[in-house]
Amino acid sequence: MGENIFITGACGYIGGSIIASFAHVKDGLLAKATIHAAVRSEEQAQSLTKNNVVAAKIDLNNPYALAGYMIRNDVSIIVHTATSIDGDIAHNLIEALKRRREANGKKACFIHNSGLSAFDESTGWPFGHVRDTDPVYFLEKQCTDTYVVREVDVLVAEQTESAGLTGLIVLPSSLYGRGGGTWNQTTLLLPALIRTAIANRQVFKFARDKEILLTHISDLTTFYIQIVEAVLQKRALPAGTSGYYFTVSHSARWWEILDRLAIAMHNRGLVDEPTAKTWPDDAFAAEALDLPVNLTLTMWDSSPKVSCLNKDLIGWKPVWDRERLLESLDEEIENYLELARSKDSP
Ligand SMILES: NC(=O)c1ccc[n+]([C@@H]2O[C@H](COP(=O)([O-])OP(=O)(O)OC[C@H]3O[C@@H](n4cnc5c(N)ncnc54)[C@H](OP(=O)(O)O)[C@@H]3O)[C@@H](O)[C@H]2O)c1
């Protein structure tokens, strides 16, 4: 019999895409596993039936319900994608897995989906360039008070280690591409720029051009397939306070993306000019993008300097690169329009 894997955020962009990609795995131990998908509503549970998963309508804030679920279903891996900023939920899940480990003595692994914004100076990261093989935990611990994502990473590293669990923290860069899940298939970055450009009939760019780090959602789901398979095979991986895994497909410059986007949108008649104009100022950008100024800057102005080395331990090789992204911008627009149409239809 296969292992039981519990995935939170199962109807989100990342969690839903992971579940869909797991459903296509035909070989290895992952193909034999039973996937349990944590959802918040009956409609979400229904949407997941085609992925051949066990939908679990469960409150992640209820530690007793979680512990009972993990023990009853003998869950050995949790993949937590629901939130990287809620320490209470991460704590509840780790405690629940610890209870299951105490119940039958079998090993268990907690995989936490975080984000590379933790290493950007716009979020108060003071240490500049960082590799995932550096003592990241000790560096993050020195600046948890300025960014909640770092605080939760540190909590996960410490609590998994003291609970005797294998704790792995996956930190993707900003993502793009259409998600493969049954519910939310879209993320913020490019869709928000496309939506704002349609509303203003103009593609905008920030005054500062930046090299940004990007990961295509299909590269990230491949990463999750490989890391979960490695855990199922009981391969020794750096874990706990050493268990940081950065994921980046490639970098690209904002202006080249937005200039190409402007041409593609102009070709479709969605904007008046085939060139991107600079935002008048950050406040105007934030209002148009419908986000607070600080979050706007973190999302579009962040440019963490990182090296991803631990990916080699699981053999991950991203297949998306800068050229492929630039060539796929018309597809991003098409996806945006199609998903917007399906939201509008009854
Ligand atoms: N997207 C990116 O570019 C990116 C990059 C790096 C890191 N991240 C991080 O990865 C995480 C997931 O991102 P995402 O893009 O997949 O977000 P998303 O599409 O909003 O998905 C999050 C999912 O988690 C569920 N969820 C949130 N809070 C919950 C709670 N308290 N209890 C139960 N379920 C809860 C949501 O449920 P409902 O559907 O019911 O609301 C949703 O289905 C976030 O922490 C994000 O910061 C994202």
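Rules and cut-offs
Think of each chain on its own: its residues are numbered from 1, step by step along the sequence as written. For this predicted model, a pLDDT threshold of at least 70 governs which residues receive local features, and a threshold of 80 or more governs which side-chain atom pairs are given and counted, while totals over whole chains, interfaces and linings are taken from all residues. With hydrogens and water stripped out, all remaining heavy atoms of the structure feed into the side-chain values. A cutoff of 4 Å decides nearness: a residue is near a molecule or strand if any of its heavy atoms lies inside that distance of it. Any pair of N or O atoms that falls within 3.5 Å is considered a polar contact. Within protein, one atom must be able to donate a hydrogen and the other to accept it, and sequence-neighbouring residues count only if both atoms are side-chain atoms. Here, Shrake-Rupley sampling with a 1.4 Å probe gives the accessible areas, and only protein chains in the shown set may cover a residue. Counting from the N terminus, the helices are DSSP H or I runs at least four residues long and the strands are E runs at least two residues long. Residues are sorted three ways: Asp, Glu, Lys and Arg are charged, Ala, Val, Leu, Ile, Met, Phe, Trp, Tyr, Cys and Pro are nonpolar, and all the rest, Gly among them, are polar. Residue ranges assigned to the domains are those given by an automatic or database domain assignment. Residue contacts are defined here by distance: any two heavy atoms, one from each residue, within 4.5 Å place the two residues in contact. The term buried area denotes the loss of accessible surface (1.4 Å probe radius) that occurs when two parts are joined, taken as the sum for both partners. We define a salt bridge as a side-chain nitrogen of Lys or Arg found within 4 Å of a carboxyl oxygen belonging to Asp or Glu.

Visitor: Explanation requested: the site of the ligand in the structure shown.
Guide: In the vicinity of the ligand, 22 residues are found, and the nearest of them are Y13, I14, S84, N184 and T187. In the model, an oxygen atom of the ligand is placed 3.0 Å from a nitrogen or oxygen of the N113 side chain. For the ligand, whose accessible area on its own is 900 Å², the fraction buried by protein is 70%. Breaking the shell around the ligand down by element, the ones donating at least two residues are α1 (13-23) and β8 (174-176). For the shell around the ligand, the per-class residue count stands at eight nonpolar, 13 polar and one charged.

Visitor: Please explain the domain arrangement of the chain as it appears in this structure.
Guide: Often, the extent of an interface is quoted as the loss of accessible area on bringing the components together. Domain assignment breaks the chain into domain 1 (4-176 + 215-247) and domain 2 (189-212 + 251-303 + 320-344). Tallying the contact residues gives eleven residues for domain 1 and ten residues for domain 2. Carbon and sulfur atoms make up 56% of the surface buried where domain 1 meets domain 2, a total of about 780 Å² over both sides. Across the contact surface, domain 1 and domain 2 share zero salt bridges. Where domain 1 packs against domain 2, one counts four residue pairs in polar contact (both at pLDDT 80 or more). If you list the elements that add at least two residues to the side of domain 1 that touches domain 2, you get β8 and α9 (217-232). Examining the composition of the side of domain 1 that touches domain 2, we find that three residues originate from one element, β8, more than from any other.

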